[in-house]
4 protein chains.
Amino acid sequence: MVVKQRARRDEEKQHRRRTILLAARDLLEERAFTEFTIAAVAERVGLAKGTLFLYFETKEKLYLALLEEMLQDWFTDIDLRLDKLDADIPMQSLSTTLVDSLKNRKLFLTLLSLLESVLEHNIDYETAAKFKWGLLEKVTATGKRLEQRLPSLSLGEGTRLLLHIRALITGLHQMSNTSTVVAKVLEDPAMQVFRIEFEQELEYGLKALIDGFTKKV
Amino acid sequence: MVVKQRARRDEEKQHRRRTILLAARDLLEERAFTEFTIAAVAERVGLAKGTLFLYFETKEKLYLALLEEMLQDWFTDIDLRLDKLDADIPMQSLSTTLVDSLKNRKLFLTLLSLLESVLEHNIDYETAAKFKWGLLEKVTATGKRLEQRLPSLSLGEGTRLLLHIRALITGLHQMSNTSTVVAKVLEDPAMQVFRIEFEQELEYGLKALIDGFTKKV
Amino acid sequence: MVVKQRARRDEEKQHRRRTILLAARDLLEERAFTEFTIAAVAERVGLAKGTLFLYFETKEKLYLALLEEMLQDWFTDIDLRLDKLDADIPMQSLSTTLVDSLKNRKLFLTLLSLLESVLEHNIDYETAAKFKWGLLEKVTATGKRLEQRLPSLSLGEGTRLLLHIRALITGLHQMSNTSTVVAKVLEDPAMQVFRIEFEQELEYGLKALIDGFTKKV
Amino acid sequence: MVVKQRARRDEEKQHRRRTILLAARDLLEERAFTEFTIAAVAERVGLAKGTLFLYFETKEKLYLALLEEMLQDWFTDIDLRLDKLDADIPMQSLSTTLVDSLKNRKLFLTLLSLLESVLEHNIDYETAAKFKWGLLEKVTATGKRLEQRLPSLSLGEGTRLLLHIRALITGLHQMSNTSTVVAKVLEDPAMQVFRIEFEQELEYGLKALIDGFTKKV
DNA sequence: GATGAATGAGTCTTCATTCAT
DNA sequence: AATGAATGAAGACTCATTCAT
């Protein structure tokens, strides 16, 4: 029975919440999502299983909180980069910007890929609504920024482009994360086509996608 | 205990294998993937759970075999359509062709979306290798066809385009399949951005993607 | 964290003890026994969970104290009524008296029904002894009163009658408190036999019981 | 992994079902109801936990099945005894008959005492309805028999008497089953009043109750 | 004394897989 | 080959009780 220092003040509690999220983040970075259990997270933080339920009512809420935080970070980052981006620079640099913003965000990608298929299941209306409204806000704001940077986009197309960008990100991320056995199979030189280098391939795909979105007269 | 007629000859065994796959296919079409349990498949085929393990050593092998068959079908279909496609027709019709080929292939999309994240886990090297080599062949062949149809593509870029097409398909498919609760949240008019109509959106995205791949000078 | 005024003097502590018991009483009146958790009681009193354990070492001790208080009240009430009861009035009115004394004592009945099966577990010898000795005193006194009112009873039979009265009360109370699902089942007219109206049925049963106890020559 | 002989034929399965029920019965005889968990029953039968769920879909269904069987037995027994009972013999022997029928049925009494408060919770409408209809049938039939033996009872009063008999049984049974600590407290000679000898006391109470039911002019 | 965060044993239940029949 | 009963490792979650603050 190792009693952890108690988080009494609200500040401390927020900190512990973050500690849990960080541990979850670490865990996700190392192991497959299927091994991502409450028990594993608890062990990682060095807290009892029950304690986690003091901070997150259900497993799914923990997942979602994790993604929510990462989304927040990512959108902040992306917005900053977009604001710095000169409007005259061609879209090529936009894809580079996006790819750069995703570097060191492996777990963000993992969770993002699982959003609709896993994370958004087994949650209540309240939680779902709160999450979606938050997301809507961010998506709209960033969508607007895209429209400013890419003047050929008409109203609302920024958000739409963002949606397709996400599709490409999610798709490629999944395809690039193979199981250990498959990775071994792909070592064969002939299999090169399937050895997807995520960042490089994403940049390539994004360029094409954005190109297509903007150049289409 | 109704003992099913035994499959003795190899031919019969192959036939039973197919019967299982077909039943699994039907099941997947009706129910969510989480309800896709061995027990459910067995019940659907009218065979015992244990029997399934005579034909597929693990659950994942069954999944993979299912996808393998569907991939076979889809590539055959797509190749046929590509061969019929006149080389002079602009790429716009290529996206339409692709979208058309995916109509009535809901389960194919479901499984394809789960390939790397679920299906390729818990299988042995042999199975993985066999699957990947088969896929390589198909991908290469269809990639070549794309290069023929889209002359601006250089050697090998057909396969690469195919890869990005799949990424977009997988990404959009996942995004368009929301849980019941989320669906309810999305009923709000303001949430329209998140209510993704798969086929329509895919066509839009594919056009842009292919456009970008080809027009890029 | 709102720290409640500390109870320093013994008098204050007794007062707080009572406050807790009263809150627990209220809670039990509203909710089913299964929802009667320490957390719920604490919330109701406006004290912290831990504080409750300063006044009651175990959950069961709290229960028992609660029942003890209610028993005290009830015996006081019943004794008063018995004293007012004219010795010449037939026993019929005794059952009425008893039933009347139980009106508005729902939670008393609930706890009484759980005495041996739940409340008296997980307590120490001391507590058990104290409780039982107190009860003995009350039972004996009221038993005596019964013997005075019902002259046909021989020495000690008053207590014995009391015992059987309690058995009937406990039994009927339990039988009349059905779960929601069962209540729905009992809506069927054919199920009328099982729809027990506690007070009415108790009066009926008590009459018979007391009748039998007294008229038996 | 001790694989138990498999129950293949329907007959064997019924037998295993009974084995489980018997084990549950034994367990209940030895330990308190709170310790009566699926895990404990499984260990007792020497089966895996999961196996129990093949025979009983939920914990509550197991409980109810247990009681259902015992009720069946008891009513059969009681009806037989009532049929043999000469109508001319006074009701005194009726109480004796009832008490006799309850000898060696400790666990039946335990479960019966928990029927409304525990067993009938957390079950679905179907199960509840099936149980109640079965019970209704038995209660009605036995109620009729009582009316035949006790001619002073008017139509329907047999069932009503049965109801009160059950209340007394349940009440006394609970009161007579004390926890270990309380039992120790009751060793004091002064506590004799609380040392309830179930059978003896039930006979006494039943006599009075039946007397009251019948003699009431 | 008061607090409430932390604990962790304990509960039911699911399901892929095994193996006696 | 076919069967399906048996397995048991997980898994999420609850709650009385403890104890650092």
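Conventions adopted
Residues numbered from 1 in each chain as written. Chains lettered and ligands numbered in written order. Predicted model: local features only at pLDDT ≥ 70, side-chain atom pairs only at ≥ 80, totals over all residues. Heavy atoms only, no water. Helix = DSSP H or I, 4+ residues; strand = E, 2+ residues; numbered from the N terminus. Buried < 20%, exposed > 50% of the residue type's maximum accessible area, 1.4 Å probe, protein only. Contact = heavy atoms within 4.5 Å. Lys, Arg positive; Asp, Glu negative; His and termini not counted. Charge placed at Lys NZ, Arg CZ, Asp CG, Glu CD. Domains from an automatic or database assignment. Buried area = accessible area lost by both parts, 1.4 Å probe. Salt bridge = Lys/Arg side-chain N within 4 Å of Asp/Glu carboxyl O. Polar contact = N/O pair within 3.5 Å; in protein donor to acceptor, adjacent residues only side chain to side chain. Least-squares fit on C-alpha atoms with pLDDT ≥ 70 in both. pLDDT = per-residue confidence, 0-100. Phe/Tyr/Trp six-rings, centres within 6.5 Å; stacked < 30°, edge-to-face > 60°. Lys NZ or Arg CZ within 6 Å of the ring centre and 35° of its normal. Axes fitted to C-alpha atoms, helices over the stretch in contact; angles between N-to-C directions. Parallel < 35°, antiparallel > 145°, perpendicular 65-115°, else oblique. Nonpolar A, V, L, I, M, F, W, Y, C, P; charged D, E, K, R; others polar.

Caption draft 1: Inspection of the overall build of chain A at higher detail. Scanning chain A from terminus to terminus reveals 10 helices and 0 strands. Its helices and strands taken in sequence order, chain A reads α-α-α-α-α-α-α-α-α-α from the N to the C terminus. C-alpha extents for chain A along the principal axes are approximately 65 × 45 × 30 Å. Across the 217 residues that make up chain A, the buried fraction comes to 52%. In chain A, the share of contacts with a sequence separation of at least 24, taken over all contacts with a separation of at least 6, comes to 68%. Of the charged side chains in chain A, 32 are positive and 33 negative, and the gap between their average positions amounts to 4 Å.

Caption draft 2: Summary view of the domain arrangement of chain A. Residues and elements named next belong to chain A. Looking at chain A, the domain boundaries give domain 1 (1–56) and domain 2 (59–215). In this structure, domain 1 and domain 2 have C-alpha centres spaced 27 Å apart. Taken together, the contact pairs 12 residues of domain 1 with 16 residues of domain 2. Between domain 1 and domain 2, a total of about 1,400 Å² is buried, with carbon and sulfur atoms accounting for 76% of that surface. If you sort the residues of domain 1 by the area they bury against domain 2, L21, R25 and F33 come out on top, with a joint share of 41%. For the pair domain 1 and domain 2, the interface holds 2 salt bridges. Put simply, domain 1 and domain 2 have 1 residue pair in polar contact (both at pLDDT 80 or more) between them.

Caption draft 3: Representation of the side chain of C:E69 within the structure. Mapped onto the secondary structure, C:E69 falls in helix α4 (residues 59–84). Residue contacts for C:E69: discarding those within four places in its chain leaves C:R18, C:L21 and C:R25.

Caption draft 4: Summary view of unusual backbone geometry. If you check the backbone angles, C:N104 has positive phi at about 60° while not being a glycine. Along the chain, the position of C:N104 falls in the loop between α5 (92–102) and α6 (106–119).

Caption draft 5: Molecular detail of the arrangement of the chains. One finds no contact linking chain B with chain C; the least C-alpha distance across the pair is 27 Å. Separating chain A from chain D is a minimum C-alpha gap of 21 Å, and the two share no contact.

Caption draft 6: Highlighting the interface of chain A and chain B. Contacts between the two partners involve 52 residues from chain A and, on the opposite side, 52 residues from chain B. Carbon and sulfur atoms make up 73% of the surface buried where chain A meets chain B, a total of about 4,800 Å² over both sides. Taken together, the connections running from chain A to chain B amount to 2 salt bridges. One salt bridge connects B:R160 with A:E201, and the closest N-O pair in it is separated by 2.6 Å. Where chain A meets chain B, there are 11 residue pairs in polar contact (both at pLDDT 80 or more). In terms of residue count, helix α8 (residues 157–176) of chain A provides more of the side of chain A that touches chain B than any other element does, 13 residues in total.

Caption draft 7: Fine view of the relation of the copies chain A and chain B. Expressed as a screw transformation, the operator carrying chain A onto chain B has a rotation angle of 177° and an axial translation of 0.1 Å, and the superposed copies differ by an RMSD of 0.9 Å. Both copies of the chain, as the preceding transformation shows, are related through a two-fold rotation axis. The residues that chain A uses at the interface reappear at the interface of chain B in 100% of cases, marking a shared surface.

Caption draft 8: Seen up close, the confidence of the model for chain A. When pLDDT is averaged along chain A, the result is 90, and 94% of the positions lie at 70 or above. Ranking the helices and strands of chain A by mean pLDDT puts α8(A) first, with 96, and helix α6 (residues 106–119) of chain A last, with 87.

Caption draft 9: How the structure looks around the environment of A:L135. Positionally, A:L135 belongs in helix α7 (residues 125–149). As a C-alpha pair, A:L135 and A:D83 span 52 residues in sequence and 20 Å in three-dimensional space.

Caption draft 10: Geometry of the packing of aromatic side chains. Enumeration over the complete set of coordinates arrives at 22 aromatic pairs over all chains. Measuring from ring centre to ring centre gives 5.1 Å for A:F33 and A:Y63, while their planes differ by 50°; the resulting arrangement is tilted. Note that A:F33 is positioned in the loop between α1 (10–30) and α2 (38–45) and A:Y63 in helix α4 (residues 59–84), a separation of 30 residues in sequence. Each member of the pair, A:F33 as well as A:Y63, is classed as buried. Aromatic pair C:Y204 and D:F213: ring centres 5.4 Å apart, planes at 70°, arrangement edge-to-face. With C:Y204 in helix α10 (residues 198–215) and D:F213 in helix α10 (residues 198–215), the pair connects residues from two separate chains. The buried category is assigned to D:F213, whose relative accessible area is 1%. Clustering of aromatic rings is evident, with ring pairs tying together A:F33, A:F36 and A:Y63. Residue placement shows A:K132 over the ring face of B:F194; its charged tip is 4.9 Å from the ring centre.

Caption draft 11: View of the pattern of salt bridges. Residues and elements named next belong to chain B. What the rule picks out here adds up to 58 salt bridges over all chains. Where D100 meets K103, a salt bridge forms, and the shortest distance between an N and an O atom there is 3.3 Å. Bridged by salt links that share partners, the residues R18, R25, E69 and D73 form one connected network.

Caption draft 12: Representation of the environment of B:F75 within the structure. Residues and elements named next belong to chain B. Considering the arrangement of structural elements, one finds F75 in helix α4 (residues 59–84). Placed 66 residues apart in sequence, F75 and A141 show a C-alpha to C-alpha distance of 9.2 Å. Not counting residues up to four positions away in its chain, the partners in contact with F75 are L135, K138, V139, T142 and L162.

Caption draft 13: Spatial organisation of the packing of helix α1 (residues 10–30) of chain B against α4(B). All names here are of chain B. For the pair α1 and α4, interaxial distance at closest approach is 10 Å and the crossing angle is 85°. With respect to α4, the element α1 is oriented roughly perpendicular. On the side of α1, the interface is formed by R17, R18, I20, L21, A24, R25 and L28, while α4 contributes L62, A65, L66, E69, M70 and D73. A per-class count over the contact of α1 with α4 returns 8 nonpolar, no polar and 5 charged.

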